[in-house]
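Residue strings, one per chain:
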Amino acid sequence: MGKAIGLLCGVFVAMATACLAVAVCAAEQKGDLIAVGFGETDITPDVAGPKPVYMAGFGHNRRATGVLDPLKARAIVVKDSNSKVALVSVDLIGLFLEETLEIRRQLPGFAHVVVSCTHNHEGPDTMGLWGKSPLESGIDEDYQRLVRERIVEAVQAADRNTVPALARIGVARLPDLLADGREPYIKQDELVVLTFHKPGENTPLGLCIQWNCHPETLGSQNTRISADFVGPLVETLNRKHHCPAVQFTGAVGGLMTTLGLKVHDAQGRPLPDNSVEKTARYGALLAEEVEKLISQGQPVRLAPIRVKRREVYVPLDNPLYILGRTMGVLRREAFAWSGDPDKAEKVGAVPPKRYCLRTEVGWLSLGELDVALIPGEIYPELVLGKVQDPPDPGADFPDAPIERAIYADLPGRWRMIFGLANDEIGYILPKRQWDEKPPYCYGRAKNQYGEVNSVGPDAGPILCEAFRRMVQDGS
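Reading the values: the criteria
Residues numbered from 1 in each chain as written. Predicted model: local features only at pLDDT ≥ 70, side-chain atom pairs only at ≥ 80, totals over all residues. Heavy atoms only, no water. Helix = DSSP H or I, 4+ residues; strand = E, 2+ residues; numbered from the N terminus. Rg over C-alpha atoms; globule rule 2.2 N^0.38 Å. Buried < 20%, exposed > 50% of the residue type's maximum accessible area, 1.4 Å probe, protein only. Contact = heavy atoms within 4.5 Å. Areas by Shrake-Rupley, 256 points an atom, 1.4 Å probe, with all protein chains shown as cover. Lys, Arg positive; Asp, Glu negative; His and termini not counted. Charge placed at Lys NZ, Arg CZ, Asp CG, Glu CD. Axes fitted to C-alpha atoms, helices over the stretch in contact; angles between N-to-C directions. Parallel < 35°, antiparallel > 145°, perpendicular 65-115°, else oblique. Left-handed = near helix turned anticlockwise from the far one by under 90°. Nonpolar A, V, L, I, M, F, W, Y, C, P; charged D, E, K, R; others polar. Patch = residues over 30% accessible without salt bridge, like charges linked within 9 Å, V, L, I, M, F, W, Y side chains within 5 Å. Salt bridge = Lys/Arg side-chain N within 4 Å of Asp/Glu carboxyl O. Phe/Tyr/Trp six-rings, centres within 6.5 Å; stacked < 30°, edge-to-face > 60°. Arc of directions from axis to C-beta. Disulfide = S-S within 2.5 Å. Polar contact = N/O pair within 3.5 Å; in protein donor to acceptor, adjacent residues only side chain to side chain.

## A word on the overall build of the protein chain
- Within the protein chain, the regular secondary structure consists of eight helices and 21 strands.
- Computed over the C-alpha atoms, the radius of gyration of the protein chain is 23 Å, within 12% of the 23 Å expected from 2.2 N^0.38 for a compact globule of 475 residues.
- Principal-axis analysis of the C-alpha atoms gives the protein chain an extent of 90 × 50 × 45 Å.
- By residue count, 57% of the 475 residues in the protein chain fall in the buried class.
- Of the contacts made within the protein chain by residues no fewer than 6 positions apart, 78% connect residues no fewer than 24 positions apart.
- If you sum the accessible surface of the protein chain, you get close to 19,600 Å²; carbon and sulfur atoms cover 54% of it.
- Taken together, the 53 basic and 60 acidic charged side chains of the protein chain have centroids lying 3 Å from each other.

## Observations concerning the packing of helix α2 (residues 97-105) against helix α3 (residues 141-160)
- Running from amino to carboxyl end, α2 crosses α3 at an angle of 45°, the nearest separation of the two axes being 10 Å. When the axes of α2 and α3 are compared, the pair comes out oblique. Two packed elements cross with a definite hand, and for α2 against α3 that hand is right-handed. Across the interface between the two elements, Glu99, Glu102 and Ile103 of α2 pack against Gln144, Arg148, Ile151 and Val152 of α3.
- Residues of the contact of α2 with α3, tallied by class, amount to three nonpolar, one polar and three charged.

## A few points about a nonpolar patch on the surface
- A surface patch of nonpolar side chains, about 280 Å² in accessible area, is lined by Leu135, Leu323 and Met327.
- Within the fold, methionine 327 resides in the loop between α6 (319-326) and β15 (335-337).
- With relative accessibility at 43%, the residue methionine 327 sits in the partly exposed group.

## Quick notes on the packing of aromatic side chains
- Applying the stated criterion across every chain yields a total of six aromatic pairs.
- Ring plane angle 5° and centroid distance 4.1 Å describe the contact between phenylalanine 248 and phenylalanine 418, whose orientation is recorded as stacked. Note that phenylalanine 248 is positioned in strand β11 (residues 245-249) and phenylalanine 418 in strand β20 (residues 414-418), a separation of 170 residues in sequence.
- Classification of phenylalanine 248 as buried rests on a relative accessible area of 0%.
- Between the aromatic rings of tyrosine 427 and tyrosine 449, the centroid separation amounts to 5.7 Å while the plane-to-plane angle is 90°, which identifies the pairing as edge-to-face. Residue tyrosine 427 is found in strand β21 (residues 427-428), and its partner tyrosine 449 is found in the loop between β21 and α8 (459-473); the two are separated by 22 residues along the sequence.
- Exposure remark for tyrosine 427: the relative accessible area of 3% places this residue in the buried category.
- Aromatic rings pair up to connect Tyr379, Tyr427 and Tyr449 into one cluster.

## Focus on α2
- Buried residues of α2: Leu97, Glu99, Thr100, Ile103 and Arg104, and no others. All buried residues of α2 fall inside an arc of 155° around its axis, so they share one side.
- On its buried face, α2 sits against β5 (112-117), α3, β14 (305-316) and β17 (355-366).

## Brief notes about the state of the cysteines
- Applying the stated rule across the entire model yields zero disulfides.
- Here cysteine 243 is not cross-linked by a disulfide; its sulfur's nearest cysteine counterpart is in cysteine 208, at 12 Å.
- Free of any disulfide, cysteine 441 has its nearest neighbouring cysteine sulfur in cysteine 464, separated by 19 Å.

## Let's talk about the pattern of salt bridges
- Inspection of the entire model under this criterion finds 36 salt bridges.
- Here arginine 104 and glutamate 360 are joined by a salt bridge, their closest N and O atoms 2.8 Å apart. With arginine 104 in helix α2 and glutamate 360 in strand β17, this pair connects stretches of sequence that are 256 residues apart. When sorted by exposure, arginine 104 lands in the same class as glutamate 360, which is buried.

## Examining the side chain of glutamate 360
- For glutamate 360, a relative accessible area of 7% translates into the label buried.
- Polar side-chain contacts of glutamate 360 include one of 2.8 Å to the side chain of arginine 104.
- Leave out the neighbours within four places in its chain, and glutamate 360 touches Leu97, Arg104, His112, Arg309, Arg310, Glu311, Val312, Pro375 and Asn422.

## Things to note about the packing of helix α4 (residues 230-241) against helix α5 (residues 276-296)
- The contact between α4 and α5 brings their axes to 7 Å, and the two run at 50°. As far as their axial angle goes, α5 and α4 are oblique. Of the two elements, α4 crosses α5, and the hand of that crossing is right-handed. Between α4, through Pro232, Leu233, Thr236, Leu237, Lys240 and His241, and α5, the contact on the second element is made entirely by Thr279, Ala280, Gly283, Leu286, Ala287, Val290, Glu291 and Ile294.
- Considering only residue class, the contact of α4 with α5 consists of eight nonpolar, four polar and two charged.

## As for the environment of alanine 372
- Looking at the element boundaries, alanine 372 is found in strand β18 (residues 369-373).
- Residue alanine 372 is classed as buried on the basis of its relative accessible area, which comes to 0%.
- Through-space distance from the C-alpha of alanine 372 to that of alanine 334 is 25 Å; in sequence the pair is 38 residues apart.

## So, the environment of proline 398
- Among the structural elements, proline 398 can be located in the loop between α7 (380-384) and β20.
- When the C-alpha positions of proline 398 and valine 300 are compared, they lie 42 Å apart, and in sequence the two are 98 residues distant.
- For proline 398, the contacting residues outside a window of four places in its chain are Pro391 and Arg432.

The values are spatial; any link to function lies outside them.
Quick look at the structure:
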């Protein structure tokens, strides 16, 4: 009897092995099998050093006094049989295009390298806008250099760590985990989770998460360096699954936030705003939703890999940004606006009539998954096709045409959006919702927040049109 049972078990094992081989072979024939790798480096600034660390995202002269949790640069490398791409998420407020271009120069051989910041409001100033005073940059050039080096190291580690993999994808709507800080109240409340796993296994190799929320739960009075809710989100998933997790920030303009959002503990008691407890709990709640999508995910083909990107010039009309550039606070290349988003000349000794910035939009086609790459904090209306119509009578440009929605041009079965991708140009608004001048929209006594941190009202139309042309026309 024992020998018979052993023989039967052997037959079952052989059959299972054969089925697995057939499944892997079928996956390879369909092009489902890719290679994926993860890498991570620490980018926490030295707050005990001789130089002050100015914290970004709220006001000026907010000096870091300690570290609550580390900041990281996390990378995913995805390969098919012909090419590879690197996707990097960094726990920072933002990095300009010039930084991304320098990082790419150090990473030859990639079809594309995407550097996206989480827009963390509890990390150091990496854009120069939150120094000791409005006329002083908060940037530490040594730290900027360190960040670039660590991002390159994270990508190289991910490239070395690649292994054959399949993927599943899950999407959930989570309106109760998101507050909208500006009328009209339109939320981008999709949580998207990619789960990578070895062929024939269910255990995750790693996770790619896309969520649309400002990491600013700790608030403006916090002086300890932190990744905000991204830290506990990733740590919870690391601990549970013993695998890497990378969170990308999506469409957060308009304003997608945790500020004002009521968060309760496990016993249903409300947690105080701007607290460590609320931040940790929010990360844990988001991790619970990720968990559901890990188990509910559907198979998704991520090959072949195709990449498009388009350089574009956007008018710089924000007087504070222009002043910041003149004073050396806003340190990025400026160009003279020619009236054509496709070409511009660098600014010389004589100031131009109108400034513009060089930026880029991008599109990753990963098999059945499309990823839109947007260089700032785009309003959900521009992504989902929900621009207000008719416009409010108080709007500054009520006759502006409605922009083409970003998601309307994505042909794949599944979609993601990475905001602050390869650049940070601030808020990207629908032009007909621009509202700087009285009378103000919705009967308000003063204008809403948003325009003060935008390069100008033409950014939305120009970027949406550039994205459309890139995807539809290939130009």
